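# Structure at a glance
The chain contents come next:
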Amino acid sequence: MRRPAWPRLLFHELIMESGDQALQRAIATISQSDPLTKLLEQVKLGRMKPTDTGLRAVTESWLGTYQKMIESAGLSRQSLRRIDPHPRLAMLIECGVLTGEHQAVTTLRASFERAVAGAAE
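Let us look at the structure shown here. Just so you know, these numbers come straight off a predicted model, no measurement behind them.

### Here we look at the packing of helix α5 (residues 86-94) against helix α6 (residues 103-118)
Closest axis-to-axis distance for the α5/α6 pair is 11 Å, and the angle between their directions is 165 degrees. Regarding the angle of α5 to α6, the classification is roughly antiparallel. Both α5 and α6 take part in a crossing whose hand is left-handed. Facing H86, L89 and I93 of α5, the residues of α6 in contact are V105, L108, R109, F112 and E113. By residue class, the composition of the contact of α5 with α6 is five nonpolar, one polar and two charged.

Here you go:
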């Protein structure tokens, strides 16, 4: 005798919902200190220098927050790909705010690659 499918489906929906919630929480947390939304525009307009200490402090904090979310949110591989830090890092590097060799950049990239490699589909 076969069991009905609905308990498995309900369990699957609960897992997917919690995964979506974790992704939304990670996006919200990363977005709170994202230097691209406001500060990078100031650099592009010449109102702020890429080497400004305030911008550097916000960027360093954001890199740490990003890494923490990647390592601790328990996200699936698909969710991790949605918050891939590489495009944002590229913009910060292009504008001169960071360098590709900056320790926090290399650490974040490595952390992201480890998380993707170890995550479930």
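### A few points about the side chain of T59
Within the secondary structure, T59 sits in helix α3 (residues 53-72). Looking at T59, the relative accessible area reads 0%, which means it is buried. In this view, T59 contacts P35, L92, V97 and L98; residues no more than four positions away in its chain are not counted.

### Description of the nonpolar core
Counting 28 residues, the largest nonpolar core has I70, L80 and I83 as the members making the most contacts within it. At the level of elements, α1 (6-32), α2 (39-44), α3, α5 and α6 are the ones that each hand at least two residues to this core. Discounting chain neighbours no more than four positions away, the residues touching L80 are I70, L75, F112, A115, V116 and A119.

### Looking at the packing of α3 against α6
Contact pair α3 / α6: the axes reach a minimum separation of 9 Å and the direction vectors enclose 15 degrees. In this view, α3 runs roughly parallel relative to α6, as classed from their interaxial angle. For the pair α3 and α6, the crossing hand works out as left-handed. Judged by residue contacts, E60, L63, Y66, Q67, I70 and E71 of α3 engage A104, T107, L108, S111, F112, R114 and A115 from α6. For the contact of α3 with α6, a count of residues per class yields seven nonpolar, three polar and three charged.

Parameters at a glance
- Residues numbered from 1 in each chain as written.
- Predicted model: local features only at pLDDT ≥ 70, side-chain atom pairs only at ≥ 80, totals over all residues.
- Heavy atoms only, no water.
- Axes fitted to C-alpha atoms, helices over the stretch in contact; angles between N-to-C directions.
- Helix = DSSP H or I, 4+ residues; strand = E, 2+ residues; numbered from the N terminus.
- Parallel < 35°, antiparallel > 145°, perpendicular 65-115°, else oblique.
- Left-handed = near helix turned anticlockwise from the far one by under 90°.
- Contact = heavy atoms within 4.5 Å.
- Nonpolar A, V, L, I, M, F, W, Y, C, P; charged D, E, K, R; others polar.
- Buried < 20%, exposed > 50% of the residue type's maximum accessible area, 1.4 Å probe, protein only.
- Core = buried A, V, L, I, M, F, W, Y, C linked by side-chain atoms within 4.5 Å.

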